[in-house]
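A structural walkthrough
The primary structure of each chain is shown beneath.
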Amino acid sequence: MTLTDINPTTRRTFAASLATLPWFGSALAQGMMSGMPEMAGMGGMNAAAVSLAPVTAIAAGAPLAALKKLVNTSPKAGVFRATLRAAPVTVTILQDRTKTEFWAYNDLLPGPLIEVTEGDTVEIEFINDLPQESTIHWHGLPVPSEQDGNPHDAVPAGGRRVYRFKLPLDCAGTYWYHPHPHNHTAEQVFRGLAGLFIVRAKNDPLKAIPERHLVFSDLKLAADGSIPANDMNDEMNGREGQFALVNAQRQPVLTFDAGGRERWRIWNANSARYLKLKLPGARFTLVGTDGGLIGKPVANLTELVLVAAERIEVIVEAPPGAGVVGLVTEPVERGKMGMVPQEFPITLLDVDFSAVRPERLAALASLPQTLRSIRPLGAVKAKKRVVFSEEMSMAGGVHSMKFLVNGKLFDMRRVDLTSRINEVELWEIANDSDMDHPFHIHGVQFQVIERELDGKVTPESLLAWHDMANTRPGETVRIKMVQRHKGLRMFHCHILEHENAGMMGQVNVV
Ligand code: C2O
Ligand code: CU
Ligand code: CU
């Protein structure tokens, strides 16, 4: 077992100094003595090491499940009405029939798929049958602040409320929803609360292509089937469970469309794990990002990187003559600290291309070359600067990390920034830390303009709508956005443990 393999020198010194701290030192010794294969056995600040279920404890190889849709109960055209109930649910996911208590929306893992059309009015009644307060946050959707399920509008345990919003035109895309209560977001998500949201375009240039939904989430399970609390490593690096699931299944089999081409909507619904997806022999054509279709397809990609909470849409064509090919995620170096075990590629899914008929493949029509019109946001009216940083803390004699925005921990009572409605703003997100942090802001999609690292500015080549942007240690990312609603908005690192630990701020739109 070694310390993280570390790229920037600053990180090496930081990690090395961590190892000399009493807590890390003893964890290191403990790990070495027991020869633990997994960092996850490291235990919490005072908890004993949790023994984890082996990866094979969940059966693999079942056919990939389609997402369950939330049924629209409204008889009116243009109105989507339904109920989401968050509650504990007992599920048998381990092969040995040991039961696991998850927290889920409508008893489903992942939560149900909401499918609407741009311009629709959405009315979701939320029933909170959890033992703690919660909210539903509509990640990435352009909804008013008071409907956005931010921590100011928590629904108490046993309570309910209705979220109501009208979606504007030109917001078709791949979104999701998850809880966002103060201090409990990470826990509620890792216990199972997260669902999917697709806004369909009135005119979709790709609608003839069969669609596939792949939701990647991870799960950490103790050997007794329970979902353990975060340990110190989870708190520091973000929780990554031993199971990397697709549509809540371990390594299922996707039987590829006989026609030879599919459109995949991909969600990284992990708390922290970044994805680097590869499908040997196949090429991906990127057609969409967090906020929907891009202007023109980007063909011939061999890998797809998605930071936590990011979504993309790709077109996949069957490689000629292919049989079963594993979709793999490779480890992404994101500056994890402390004692991190070596990471290996994980096969997420087996894609079975054998039903594809070669003559169909040869006859595939070329993709439309114009998908959507995206205009670059224009002249900048105001600028904002956000700095992500980390600090070691010894508060109360306990070693922990502080994750800060502009030098401060999140405070619900403090407004960090003020923006004006309908003005183009340039936000500069600077990462002054040793780890990657994926930036996210509520209620708005932004355009990435450029990235600066070590004095070198790289303009962003892709004009696209995002609500997620990774920031590397030492990097500054410049983005443009326009707020279309007044009110308070959260912005934060979407490694949920970092957000929970304070790496979040509030902008008030006036
Ligand atoms: Cu996925 Cu504050 O959000
Ligand atoms: Cu969000
Ligand atoms: Cu972070």
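In this report, the structure presented in the accompanying data block is examined. Because the structure is predicted, anything quoted here is derived from the model rather than measured. (Residues numbered from 1 in each chain as written. Chains lettered and ligands numbered in written order. Predicted model: local features only at pLDDT ≥ 70, side-chain atom pairs only at ≥ 80, totals over all residues. Heavy atoms only, no water.)

Let us look at the coordination of the copper ion (ligand 3). Bound to the copper ion (ligand 3) are the protein donor atoms H437 (ND1), C493 (SG) and H498 (ND1), situated 2.0 to 2.1 Å from the metal. Look at where the donors of the copper ion (ligand 3) fall in the sequence and you get H-x55-C-x4-H. Residues C493 and H498 agree in their burial class; the two are buried. (Donors = N, O, S within 2.8 Å, 3.2 Å for Na, K, Ca; no water. Buried < 20%, exposed > 50% of the residue type's maximum accessible area, 1.4 Å probe, protein only.)

Summarising burial for strand 29 (residues 476–482): seven of the seven residues are buried, a large majority. Across the two faces of strand 29 the burial is the same, with T476, R478, K480 and V482 and V477, I479 and M481 all buried. As paired elements, strand 24 (residues 424–432) and strand 29 share seven bridges and run antiparallel to each other. Across the sheet, residue W427 finds its bridge partner in strand 29, namely I479. (Helix = DSSP H or I, 4+ residues; strand = E, 2+ residues; numbered from the N terminus. Pairing = 2+ DSSP bridges.)

Of all nine residues making up strand 9 (residues 211–219), seven are buried, and the element is well covered by its neighbours. Sheet analysis places strand 9 next to strand 10 (residues 243–246), joined by four bridges and oriented antiparallel. Bridging from a neighbouring strand, S217 pairs with L245 of strand 10.

On to the packing of aromatic side chains. Enumeration over the complete set of coordinates arrives at 13 aromatic pairs. Between W138 and Y177, the aromatic rings sit 5.6 Å apart at their centres with planes inclined by 50 degrees, giving tilted as the arrangement. Linking W138 in strand 5 (residues 137–139) with Y177 in strand 7 (residues 173–178), this pair joins segments that are 39 residues apart in sequence. Of the residues examined, W138 reaches a relative accessible area of 0% and is grouped as buried. Since its relative accessible area comes to 0%, Y177 is described here as buried. (Phe/Tyr/Trp six-rings, centres within 6.5 Å; stacked < 30°, edge-to-face > 60°.)

Ranked by internal contacts, the top residues of the largest apolar core, which has 40 residues, are W427, F439, I441, I479 and F491. Listed by contribution, the elements that provide at least two residues to this core are strand 8 (195–200), strand 21 (382–393), strand 22 (400–405), strand 24, strand 25 (437–441), strand 28 (468–471), strand 29 and strand 30 (487–493). One finds L64, F284, V314 and V325 within the second-largest nonpolar core, a separate group that totals 39 residues. (Core = buried A, V, L, I, M, F, W, Y, C linked by side-chain atoms within 4.5 Å.)

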